[in-house]
Amino acid sequence: MLIFSNNEGKSRFNKPLYGLTGIYTLSEGVALPYVLSLVDVNRAIDELKIAEQIPASLDTKWSLKELFQREIDEKRVEDDIVKGYLLDPNKLKFFNAITIVLMPKDSDGKIQNAFDEATNVTPPPIPWDGTDPDDEQWKNFQSEVANFGGVQFVSTGVSARLRWDEDRVLAVAVDGQHRLWALRTFREDPRFRGGTLRTIEQQTKIPILFILLHPSAGFKNLQSASDYSIRGIARELFTDLNKNAKTVDKARELILDDKSISAQCVRTLLTESTGEDARDKLPLSLVRWQDDSNRFDSSYYLNSLVHLDLLISAALDLKPPRDPMEKKHVLDFIESIDSALGTGDEKVQYEGRTLEEYYIEDYCDEDGNPVTPFSRIPENYLGSAIEGFKVNFRSWLLKLLLEFKPYRNLLQYAREHDLIVGTFGSYQAQTSKHKGIIREQEIAKDSDWNSREILSHQVAINSMKDNQWAFKAIFQKAIVRLGRIVEFDYKAKDTNLGNIDDVLSCLDRLYDKGILKVDANLPDYPFRL
């Protein structure tokens, strides 16, 4: 909402925002004040801007590529955030705070290096509206009022009140621009809300952090910075916030995501914790779970968490819809789910309803047209899907991953030397920092501890992998595809293919004869394997 002051034509202040104020003083000689406010979703969409909404002429004087290093990814906004998140009725919706810098602009909309203190514009009155008794309270003598370059900032203790002149100030997102643009797309695009949010949606409040870069608001920078302008500071903030923000890596997603069929299936193959052993599961102590690498051809790893996810994706061969609002794509996806994870003649179901029935009845209107995106297996159907995985895939997958001779040899060595549940496994479960602390403590008591308890076993297991295709991700993926053909695609259809035990017997014989070594010589053939 915009409010015209008595100086009509000279200033156009928005309605006050209220919140809490604080200050960052973590660097010597630097004080960075901010206001945290809960902003109505419609006001956030209307009054806050992203880089691409800054006038295009600004590009010649102030490189948007340099200041706002990421352009808006429209596909990500529409497919991932709007369709895959905001429109999904089964998702809990929450955005963390969007960070906004209030930046001065001239009459042409061009961003300036500093707030204009020369223009003589009377500050807007307090209260902003004589009929607002709550805003009247901000006029008391204890309040500290700062008026600068089209911004009015009032504080009393940690409470704050903030306004700005839309003609002289731009409120630009330096962190959260994709979230902000997704909210605008969600409201304005005719395919979604067509300009008006639903009544319940309009009750949403978005947490917004406003950065105030002016001395009268408490900003201070005594460091010798090469670019002390507001544009330069905004650029630095944007770069730091986006450089240090990290998405959840794939390994942690597999550990944390309870709504992913892939993550749930991966977990059925693993022991629940490190330091735990089981004959029918991969010991987590020997699985590369600490990072998002899919490689396990070096060090002590029996496998990799991310690689297991790739294996399961290949084995299930599901067909996620390219467009979650396209009915044919969704029905093909559901058919692939039933084909892979149904058992016998039973499809994936919940309380007697198949997934297709659930989709038609709950995701489509009376005419059968989709009204809600469908992009993953609904949470209440995961139980049935996981049971289907256990019946159709789990047993033969584990045979391949545990009983193939090179893997069996690694596990035998690990158990003989108590690596899974003993000191070695406990050590490998630590963070890098804690490993360093433990190593120092143990070496202080026994100088050979690290070499004897840790390094010697890593070297021994690593030597087992020397030039072995068995520990290459691409090879393991190939034998899993073979396992699917034998145990799923053609099971009981072609007895000549045998079963998974026959596959293992064949692989073991090839391994014993040294044929499964990288660059192995093949008799009577001019090439190597």
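All figures in this text were calculated on a predicted structure; none of them were measured in a lab.

What counts and how
Residues numbered from 1 in each chain as written. Predicted model: local features only at pLDDT ≥ 70, side-chain atom pairs only at ≥ 80, totals over all residues. Heavy atoms only, no water. Helix = DSSP H or I, 4+ residues; strand = E, 2+ residues; numbered from the N terminus. Buried < 20%, exposed > 50% of the residue type's maximum accessible area, 1.4 Å probe, protein only. Areas by Shrake-Rupley, 256 points an atom, 1.4 Å probe, with all protein chains shown as cover. Phe/Tyr/Trp six-rings, centres within 6.5 Å; stacked < 30°, edge-to-face > 60°. Pairing = 2+ DSSP bridges. Core = buried A, V, L, I, M, F, W, Y, C linked by side-chain atoms within 4.5 Å. Contact = heavy atoms within 4.5 Å. 1 Å grid on protein atoms, 1.4 Å probe; cavity = no way out; pocket = protein on both sides within 12 Å on 5 of 7 lines; lining within 4 Å. Points joined across faces, edges and corners; volume = space filled by probe spheres on them. Nonpolar A, V, L, I, M, F, W, Y, C, P; charged D, E, K, R; others polar. Axes fitted to C-alpha atoms, helices over the stretch in contact; angles between N-to-C directions. Parallel < 35°, antiparallel > 145°, perpendicular 65-115°, else oblique. Left-handed = near helix turned anticlockwise from the far one by under 90°. Arc of directions from axis to C-beta. Salt bridge = Lys/Arg side-chain N within 4 Å of Asp/Glu carboxyl O. Patch = residues over 30% accessible without salt bridge, like charges linked within 9 Å, V, L, I, M, F, W, Y side chains within 5 Å.

Participant: Could you clarify how one ought to interpret the overall build of the protein in this entry?
Facilitator: Helix and strand content of the protein: 18 helices and 15 strands. Looking at the protein as a whole, 47% of its 529 residues qualify as buried. Here the protein displays about 27700 Å² of accessible surface, and carbon together with sulfur accounts for 48% of that area.

Participant: Got a minute to help me understand the packing of aromatic side chains in this structure?
Facilitator: How two aromatic rings sit relative to each other is given by the distance of their centres and the angle of their planes. Counting across every chain of the model gives 21 aromatic pairs. When the centroid spacing of 5.8 Å and the interplanar angle of 75° are considered together, the rings of Tyr 427 and Trp 449 count as edge-to-face. Of this pair, Tyr 427 sits in helix α14 (residues 423-428) while Trp 449 is found in helix α16 (residues 449-464), placing the two residues 22 residues apart along the sequence. In this structure, Tyr 427 and Trp 449 share a single accessibility class: buried.

Participant: Explain the pairing of strand β9 (residues 169-175) here, please?
Facilitator: Regular strands show a simple pattern: their side chains alternate between the two faces of the sheet. Along β9, seven of the seven residues are buried, which leaves the element largely enclosed by surrounding structure. The pairing of strand β5 (residues 98-104) with β9 spans six bridges and is antiparallel. Residue pairing across strands places Ile 100 opposite Ala 173, the latter belonging to β9.

Participant: How do you make sense of the nonpolar core when you look at a structure like this?
Facilitator: Burial of nonpolar side chains together is a common tendency in soluble globular proteins. Grouped together as the largest cluster of nonpolar side chains are 75 residues, with contacts concentrated most on Ile 261, Leu 282, Leu 341, Phe 389, Phe 393 and Phe 404. Those residues within four positions of Phe 404 in sequence are excluded, and the remaining contacts are Lys 399, Ala 470, Phe 475, Ile 479, Leu 504, Leu 507, Asp 508, Tyr 511 and Leu 516. Residues Val 39, Ile 54, Phe 148 and Val 151 belong to the second largest nonpolar core, which totals 57 residues.

Participant: Mind showing me how you'd approach empty space enclosed by the protein here?
Facilitator: Any space left empty among the atoms is revealed by the rolling of a water-sized probe across them. Under the criterion given, the structure shown has two cavities of 30 Å³ or more. Its volume calculated, the largest cavity comes out at about 120 Å³. Asp 88, Asn 90, Lys 91, Lys 259, Tyr 363, Pro 373, Phe 374, Ser 375, Arg 376, Ile 377, Pro 378 and Glu 379 together form the lining of the largest cavity. Taken together, the residues that form the lining of the largest cavity break down as five nonpolar, two polar and five charged. Of the pockets and cavities examined, the second largest cavity occupies roughly 30 Å³. Along its surface, the second largest cavity is lined by Ile 45, Leu 48, Ile 50, Gln 53, Leu 180, Trp 181 and Arg 184.

Participant: I tried to follow the packing of helix α13 (residues 405-416) against α16 on my own but got confused; where do I start?
Facilitator: Between α13 and α16, the least distance of the axes is 10 Å, while the angle of their chain directions is 165°. Between α13 and α16, the interaxial angle falls into the category roughly antiparallel. Judged by the sense of rotation from one axis to the other, the crossing of α13 with α16 is right-handed. On α16, the residues that touch Asn 409, Leu 410 and Tyr 413 of α13 are Ser 456, His 457, Ala 460, Ile 461 and Met 464. Split into classes, the residues belonging to the contact of α13 with α16 amount to five nonpolar, three polar and no charged.

Participant: Help me understand the environment of Phe 219 in this model?
Facilitator: Mapped onto the elements of the fold, Phe 219 is located in the loop between β10 (205-211) and β11 (220-221). By relative accessible area, Phe 219 is classed as buried at 9%. The spacing of Phe 219 and Pro 33 is 186 residues in sequence and 5.8 Å in space, taken between C-alpha atoms.

Participant: What exactly am I supposed to notice about helix α11 (residues 355-362) here?
Facilitator: Given 3.6 residues to a turn, an α-helix orients residues that are three or four positions apart in the same direction. For α11, the full list of buried residues reads Leu 355, Tyr 358 and Tyr 359. Buried positions in α11, seen along its axis, are confined to an arc of 100° and lie on one side of it. Where α11 is buried, its residues contact α10 (327-341) and β15 (353-354).

Participant: Explain the pattern of salt bridges to me, please; I cannot follow it from the model alone.
Facilitator: Here the structure, examined in full by the defined rule, presents 33 salt bridges. Notably, a salt bridge pairs Asp 165 with Arg 168, separated by 3.0 Å at the nearest N-O pair. A salt bridge links Glu 379 to Lys 259; the nearest nitrogen and oxygen atoms lie 3.8 Å apart. In this pair, Glu 379 sits in the loop between α11 and α12 (382-403) while Lys 259 sits in the loop between α7 (250-256) and α8 (261-268), placing the two residues 120 residues apart along the sequence. It is possible to trace a salt-bridge network through shared partners that takes in Glu 78, Lys 83, Asp 189, Arg 191 and Asp 323.

Participant: I tried to follow the pairing of strand β3 (residues 17-24) on my own but got confused; where do I start?
Facilitator: As judged from the four bridges shared by β3 and strand β8 (residues 159-164), these two strands associate in the antiparallel manner. What sits directly across from Leu 20, in β8, is Ser 159. Sheet analysis places β3 next to strand β4 (residues 30-40), joined by six bridges and oriented antiparallel. Pairing of Gly 22 across the sheet is with Tyr 34, part of β4.

Participant: Which parts of the structure should I look at to understand a nonpolar patch on the surface?
Facilitator: On the surface, Leu 20, Leu 36 and Val 158 cluster together to form a nonpolar patch covering roughly 260 Å² of accessible area. Within the fold, Val 158 resides in the loop between β7 (151-156) and β8. Using a relative accessible area of 54% as the deciding quantity, one classes Val 158 as exposed.

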